[in-house]
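Understanding the architecture of this molecule
So you can see what is in the structure, the chains are spelled out below.
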Amino acid sequence: IAVDARSKMIMLIKMLTISGLALWAASGVVGAEEMPVVSVVSKTVQITEGQQMTWDFKLTKPAPADNLVVTVNLTEDTDPTPGDVKYNVPGSKGIAKFELTHKPDGTIQAAQVTLVGGVTEAVMMSEVIADGKAEGPESATWTLVDGKGYKADMKQNKIMFTLIDP
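Residues numbered from 1 in each chain as written. Predicted model: local features only at pLDDT ≥ 70, side-chain atom pairs only at ≥ 80, totals over all residues. Heavy atoms only, no water.

**Looking at the overall build of the chain**
Stated precisely, the cut-off is as follows: Strands here mean DSSP runs of E at least two residues long; helices mean DSSP runs of H or I at least four residues long; both are numbered from the N terminus. Burial status follows relative accessibility: with a 1.4 Å probe on protein chains alone, a residue under 20% of its type maximum counts as buried, one over 50% as exposed, and anything between as partly exposed. The contact criterion used is simple: two residues touch if any of their non-hydrogen atoms lie within 4.5 Å.
Within the chain, the secondary structure is distributed over one helix and eleven strands. Of the regular secondary structure in the chain, the N- to C-terminal order runs α-β-β-β-β-β-β-β-β-β-β-β. In the chain, buried positions account for 31% of the 166 residues. Within the chain, contacts between residues at least 6 apart in sequence are counted, and of these 73% link residues at least 24 apart.

**Describing the side chain of threonine 114**
Counting through the fold element by element, threonine 114 comes out in strand β7 (residues 108-115). Accessibility expressed as a relative area gives 10% for threonine 114, which makes it buried. In contact with threonine 114, not counting residues within four places along its chain, are Asn67, Leu68, Val69, Gly94, Ile95, Ala96 and Lys97.

**Looking at unusual backbone geometry**
Positioned with a positive phi, asparagine 67 is a non-glycine residue whose angle comes to about 80°. Looking at the element boundaries, asparagine 67 is found in the loop between β3 (52-59) and β4 (68-77). On the basis of relative accessibility, which here comes to 29%, the residue asparagine 67 falls in the partly exposed class. Even without being glycine, asparagine 88 reaches a positive phi, approximately 55°. Locating asparagine 88 in the fold gives a position in the loop between β5 (85-86) and β6 (95-102).

**Side note on the environment of methionine 125**
Along the chain, the position of methionine 125 falls in strand β8 (residues 121-128). According to the relative accessible area criterion, methionine 125 is buried, its value standing at 14%. In this structure the C-alpha to C-alpha distance between methionine 125 and methionine 53, which are 72 residues apart in sequence, comes to 5.8 Å. Apart from the residues lying within four places of it in its own chain, the contact partners of methionine 125 are Gln52, Met53, Thr54, Tyr87, Asn88, Val89, Pro90, Gly91 and Ser92.

**A short note on the pairing of β8**
Applicable threshold: The pairing criterion is simple: DSSP has to find at least two bridges between the two strands.
When β3 meets β8, the two strands line up antiparallel, connected through seven bridges. Counted as the bridge partner of lysine 58 is glutamate 121 from β8. Across two bridges, the pairing between β5 and β8 is antiparallel. Its bridge partner lying in β8, lysine 86 is registered against glutamate 127.

**Describing the pattern of salt bridges**
Under the convention used in this document: When a carboxyl oxygen of Asp or Glu lies within 4 Å of a side-chain nitrogen of Lys or Arg, that pair is called a salt bridge.
Inspection of the entire model under this criterion finds three salt bridges. Residue aspartate 56 pairs with lysine 43 through a salt bridge whose shortest N-O separation is 3.5 Å. Of this pair, aspartate 56 sits in strand β3 while lysine 43 sits in the loop between β1 (37-41) and β2 (46-48); the two residues are 13 residues apart in sequence, bridging distant segments of the chain. By relative accessible area, aspartate 56 is classed as buried at 8%. Of the charged contacts, one joins lysine 151 and aspartate 146 as a salt bridge, the two residues approaching to 3.6 Å between their closest N and O atoms. The exposure class assigned to aspartate 146 is partly exposed, which follows from its relative accessible area of 39%.

Bear in mind that shape data such as this cannot, by itself, settle questions of function.
This is the structure we're talking about:
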């Protein structure tokens, strides 16, 4: 079968395009593998006011040298108004910064937790404030979500706390 120069050129362009797409796809996969996978769990799930709770973060690879900001959404809360917990108190390790974000109505939306560069584990301590009010149990669920420079471990991305009166 005779193939003219134009047909050869079209075939070459198709091959390069297919090869280029394969290379592009492969580079995307490699990039995803280089990102750390982050998990969060807690050993303390029921906390009496005045006590501390822990947030244990683990990474499959060290956090980048310039730190890593992870987002933990407040996905369920019986009392989403701020003020009943002090976050990132003394005893925390590997946490550079903690910041709450709020919805337009002032309730808590999420937390931005900055993990120190180079860590593969970090612990954030938070203190439940004893307010002296009889409120009954208050529960909250925080969910770690994918973000810039990391992936959330979907098997260990939720922590549920129940705050109880003394």
